Structures are given as C-alpha cells and as structure tokens.
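Listed here are the chains, written in short residue letters.
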Amino acid sequence: MSETNKTAEPCVMVIFGATGDLTKRKLFPALYNLAKENFLPENFAIIGVGRQELETKDFWSKISAELIEFIGKNIDKNLLKWFEERTFYTGGDFDDDKKLFKDLKALLADVCQNLEIPENFFYYLATPPQLFANVTEKICKNGLGKQTDGNWRRFIYEKPFGRDLESAKTLNAQLLKILDENQIYRIDHYLGKETVQNILVFRFGNSIFEPIWNRNYVDHVQITVAEQLGVETRGGYYDTAGALRDMIPNHIFQLVTLTAMEPPVSFEPDAVRNEQSKILHAIQPFTPEDVLQKAVRGQYGEGEIDKKKVPAYRSEPNVAPDSNTETYAALKLSIDNWRWANVPFYVRTGKHLPAKHTEIVIQFKKAPFMLFRNTQIERLTTNRIVIHIQPDEGITLHFGAKIPGPIVDMGAVDMDFNYLDHFGETASTGYERLLFDCMIGDATLFQRADMVEASWRIVSPILDVWKAIPARDFPNYESGTWGPKEADLLLEQDNRKWKQTVD
Ligand code: BG6
C-alpha cells in the first residue's frame, strides 16, 4: 500500500466504455482530483474507447461539460486545458478486432510519440462483464497486452466479476490464459473509501484495540450497508443479479475481511491479501439447512421515502412484474478460526431503506457482573465501537458513564471521532486512490483471483437454494422501512438486536 506522496509513472489510461456513466461520474472526476493534487505525471494521456463513432473534440466537449458540472464553477481552467491536450477518443465495434483495435494501436503509438510517454498502458474495462474476456483477448491479439522492454500493461475490471462460482472461475481462467495475475486489477470501489482503508490503520496503527478484538471480548459484529435509492434505471441488470450478488461477495466481504483479518506482516499487496483470503476461506459455507436458518431475503413493495411515495420493485422500469429478485439480503456468518469462534458476523444490505447508511458495529460482551444496582436494565448497554463508513465518516465508542447525582446510576454515552471535523473535507469520488495505485503497480486494494472465487464459494449455495425455492411472500417489506421482519428474527433468535443506525 503506497504510503508516500509521489507522482504516478508516465502512462496512458485507455477506458473501454468511455461514453458510459462510470466514466462521467467517477473516472474523469477522480483523474481531475488526482491532477489537482499533483499525483498525475506530466507525460500522461487518456484514450476513451466506445461504441459510438465520435471525433476526439466531440468526446472532449461532452467530458468537459460533465466535469464542469461535477466539480462546479471553481474548476481550475488551466487543469481543464491540461486534460484537453491529453484526451483522445476512438470508437467502433468491440467485436471487430480488425478495425477498432487497429485504430487503437495506431492512436496509442501516436500519443506515446507526441507526448513522449513510454508504452505503459492501463486499460479500464468499464464495460458489461460479458465483454471482459473478449476485449482483453483482442487487446492482447493486437500486441497491446504483453509487457515488454520494461513497459507495463495493466487491466482493471469493474464489478461484477462473475455471477456465481462457476462463471468467476471461467473468467479467471480465460484472463489468466493471456495475462499474468500481476497485470489484473479487480476493482471493488468500497476499498477506495477512506474509512474502509482506515479500518486497517485503526486496528493495526494503535495498540489499544487489537488486544480486545477477538472472541474473548467481542460478542458479535454487525455490518449494515443500507441504501435509500431503489434500482432506478438499472432494472435490466439488477433483476438478473439481486441484492446478494450485487453487494455481498464484493463490498460487504471487503468490510468483513478487513474487520476480521489477522495483522499482516507488512503492507505489501500479497501480505494484506493473504490475510483477507484466509478469512474468506474460514467463513463456513452454507448448507441448504443453513440457508433456511441463517439467510434472509426481501423485496420492497411500495411505500414512502422522505415523505414521497415510491413504487414497488416490481413496478420499476425493466423489472419483471412477477420478479422474484431480492432487493434485501441478511446473513449470519460464522468465521471458523481461533480469533472468531462463536462470534457471529451479521451482515445486511437493502434498497429503499429509510436512509443511506453504512457502518460496522463491534459489539463487546457485557461487564461480567453488574455492580451498579440502581441502573435500569435497558440502560445496561454494553460497549461497542462503531465504524461509520458513509455518509458520515468516523468512529464512535459507546460506553457507560455515571449520571451526575447523589446515587450511583449509569447512562450510555458516546465518544465520537468525525473525519470532517478533524481533517476537513477532501474532494473524493472513492476512485482516486484505486486509479493511482494501479498506475504505481500496487494491487493491495484489488481482489486476487483466489479471493473472488472464495467469496463466490460462500454465497453460491445460497443463490442455488433461493433459485430452487422461489420466495412466496414477495414483496415482504414496505419501502422506507428497515427490511423484512425475518431479518429482525435472525438476531432475536440469538437474543440480539440490530443496532438502530439512524434515529
Ligand atoms: C454498486 C452496486 O456496486 O454499489 C449498486 O451495484 C450500489 O447497486 C452501489 O448502489 C453502492 O455503492 P455506494 O458507494 O453508493 O455505497
């Protein structure tokens, strides 16, 4: 993991899917933020590749207008000019390796010569996943994928990486036939979030938390990734994916592994990823019986969010009117190792919930006996650490304190650390760090083939059971509520409760 402030190596970034949403909302704004902080090298260029036949100047008009809208009126005009001189476009059919990839090869040669850039290329595949193998193969067939003469070639793949264990294995095998693992960067944008990276610093950069971060002190862990938005315009993709596939083997498992992993011996990519991988392998796979007892699914019906009426999932555009796709999933995970034996990790995610809120709760055991007998039972709150990922970023420690007065009585209080108060606001899309790391060849925050497969190994049995036994009660939660009642029962059967995330 990079620790020093340095400039990325001279290179060309080639974006496949350059006219899409991701390029507009994340990639160009992230590049702008990086350039603003002097992280981009002078010898740098971006080539957009898309299906549309566009002139470079038309592509730039579109991108610059979007960038101005995104950054706002304080945008740095000189920087905009800097990008204009370095942004190019070529378009055509991704299936036709005769034209598009030949054009790309010629353009890369020109750009490298004119801007004096060594032939270091990184390809960002912001395309539908069905195209990953095909596009990679065509890049390589045209001699643009092989690392030669000290020049590197790297490939970033957006999620989803496969849709189950089999397809992930096939995709890994296809890519590894033509690329080395060290050329492959499987992105998970949760690892670009500051607070997610801070989990490692919090745990391993301080000496007071790690000694209690285990089954002797921790009762259980809760991870909530709640979204207020519904599927919006993504019904076509989402209806074939569902909440489990969309969020759990990727984003939520990143949070689980960083919370549960052993300290790595260093911050070298493989040292960190080996520890994450061990956790994924220690999570007990679900038997069909476990699926019935430890996995909950839900789908939103109509309801109200922020006092506005919102439609049921089945009425969203491009969603089947009798769809059985889940928009909510909760699991009880068991991590089979010395540190976490008998400490359940409850995870949940859903759309059309009351608020956007992501947090990790480390719930500690109760004090061994209660000395303060005046305290009412509901005030006997146990200690917990809450890591707030979004929208607020920070950490809260929850503990008991004496209520002022003549008798000894205890109340629950919070000690809060908030990123914004301490470090101020930094412009971030969450992609800056990930793009920069790819440019300096640091794969710590990217998923390795074995990690992706281990994640699918855990969730594939759940997907199989859910497919074999379609839900009969969908929709089973109203939009604007905290999900189906079975999700509450999942904890209540263990005498626990979800922590209320927002009031
Ligand atoms: C994406 C999912 O990977 O992550 C979306 O496909 C989801 O369905 C999004 O809304 C959530 O990301 P964030 O950063 O807004 O929490």
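Parameters and conventions
- Residues numbered from 1 in each chain as written.
- Predicted model: local features only at pLDDT ≥ 70, side-chain atom pairs only at ≥ 80, totals over all residues.
- Heavy atoms only, no water.
- Phe/Tyr/Trp six-rings, centres within 6.5 Å; stacked < 30°, edge-to-face > 60°.
- Helix = DSSP H or I, 4+ residues; strand = E, 2+ residues; numbered from the N terminus.
- Buried < 20%, exposed > 50% of the residue type's maximum accessible area, 1.4 Å probe, protein only.
- Lys NZ or Arg CZ within 6 Å of the ring centre and 35° of its normal.
- Near = heavy atom within 4 Å.
- Polar contact = N/O pair within 3.5 Å; in protein donor to acceptor, adjacent residues only side chain to side chain.
- Nonpolar A, V, L, I, M, F, W, Y, C, P; charged D, E, K, R; others polar.
- Salt bridge = Lys/Arg side-chain N within 4 Å of Asp/Glu carboxyl O.
- Pairing = 2+ DSSP bridges.
- Axes fitted to C-alpha atoms, helices over the stretch in contact; angles between N-to-C directions.
- Contact = heavy atoms within 4.5 Å.
- Arc of directions from axis to C-beta.
- Expected span 1.5 Å × (residues − 1).

Novice: I keep staring at the packing of aromatic side chains and nothing clicks. Help me out?
Specialist: Two aromatic rings are characterised by how far apart their centres lie and by the angle between their planes. The final tally for this structure, using the stated rule, is 24 aromatic pairs. Consider the rings of F16 and F101, whose centres lie 6.0 Å apart with planes at 20 degrees: the pair is stacked. Highlighted residues: F16 in strand β1 (residues 11-16) and F101 in helix α4 (residues 100-114), separated in sequence by 85 residues. Like F101, F16 is buried. Clustering of aromatic rings is evident, with ring pairs tying together Y237, Y238, Y300, Y313, Y328 and Y477. Seen from the ring of F94, R51 lies directly overhead, with NZ or CZ sitting 4.9 Å from the centre.

Novice: Help me out: how do you make sense of the site of the ligand in this one?
Specialist: Close to the ligand lie K159, H189, Y190, K193, E227, R234, D246, M247, H251, K351, K356 and Q390. The contact in question runs from an oxygen atom of the ligand to an N or O atom on the side chain of D246, over 2.5 Å. Side-chain polar atom of K356 to an oxygen atom of the ligand: 2.7 Å apart, as the coordinates give it. The element best represented in the shell around the ligand is helix α9 (residues 243-260), accounting for three residues. Among the residues forming the shell around the ligand, the class breakdown is two nonpolar, three polar and seven charged.

Novice: Just to check I follow, could you spell out the pattern of salt bridges for this structure?
Specialist: Opposite charge on two side chains allows them to pair when their charged atoms are near. Considering all chains together, one arrives at 26 salt bridges under this definition. A salt bridge links D103 to K99; the nearest nitrogen and oxygen atoms lie 2.6 Å apart. Judged by its relative accessible area of 41%, K99 is partly exposed. In this structure, a network of salt bridges that share partners links the residues R203, E210, E262 and R339.

Novice: I keep staring at the sheet that holds strand β7 (residues 218-226) and nothing clicks. Help me out?
Specialist: Sheet strands line up and pair through hydrogen bonds in the backbone, either parallel or antiparallel. Reading across from one edge, β8-β11-β12-β7-β13-β14-β15-β16 is the order of the eight strands in this open sheet, with mixed pairing throughout. With one partner strand each, in any of the chains shown, β8 (295-298) and β16 (410-418) form the two edges of the open sheet. Between one strand axis and the next, the sheet turns through 15 degrees on average, direction left out of account. Taken together, the six bridges between β7 and strand β12 (residues 345-350) define a ladder with parallel strand orientation. For V221, the partnering residue across the bridge sits in β12 and is F345. Along the sheet, helix α14 (residues 449-468) makes contact with β8 and β11 (328-333), crossing β8 at roughly 55 degrees. Contacts from helix α15 (residues 485-492) reach β7, β8, β11 and β12 within the one sheet, and its direction differs from that of β11 by about 10 degrees.

Novice: Where do I start with the sheet that holds strand β17 (residues 477-479) in this structure?
Specialist: Strand order in the open sheet formed by three strands is β10-β9-β17, with mixed pairing between adjacent strands. For this open sheet the edge positions go to β10 (308-310) and β17, each flanked by a neighbour on one side alone. Averaged over all pairs of adjacent strands, the angle between strand axes in this sheet comes to 25 degrees, irrespective of strand direction.

Novice: What is the right way to look at the environment of L31 in this model?
Specialist: On the secondary structure map, L31 appears in helix α1 (residues 21-36). The class for L31 is buried, based on a relative accessible area of 0%. The sequence separation of L31 and L435 amounts to 404 residues, and the corresponding C-alpha distance is 8.0 Å. When neighbours within four sequence positions are excluded, L31 is seen to be in contact with M13, L40, F44, I46, F83, L435 and M439.

Novice: Can you walk me through α15 in this structure?
Specialist: Along an α-helix, a turn takes 3.6 residues, which lines up residues three or four apart on a common side. The set of residues buried in α15 consists of A487, L490 and L491. The buried residues of α15 occupy an angular sector of 85 degrees when the element is viewed end-on, so they sit on one face. Where the residues of α15 are buried, they touch β7, α11 (288-294), β8, β11 and β12.

Novice: What exactly am I supposed to notice about helix α2 (residues 56-71) here?
Specialist: Helix length check: α2 (16 residues) gives 22 Å between terminal C-alpha atoms against 22 Å at 1.5 Å per residue, within 8%. Along α2, the residues classified as buried are F59, W60, I63, S64, E66 and L67. Projected down its long axis, α2 carries its buried residues within an arc of 165 degrees, all on one side. Residues of α2 that are exposed and angled more than 90 degrees away from the buried face: K57 and E69. The first or second residue beyond α2 is G72, which carries a positive phi of 100 degrees.

Novice: What is the right way to look at unusual backbone geometry in this model?
Specialist: That bond from K159 to P160 is cis: its omega, 0 degrees, falls within 30 degrees of zero. Mapped onto the fold, P160 is located in the loop between β5 (153-157) and α6 (165-178). Here F474 and P475 are connected by a cis peptide whose omega angle stands at -10 degrees. A positive phi is found at H352, a non-glycine position, where the angle reads about 55 degrees. Within the fold, H352 resides in the loop between β12 and β13 (357-364). In this structure H352 comes out as buried when scored by relative accessible area, which is 5%.

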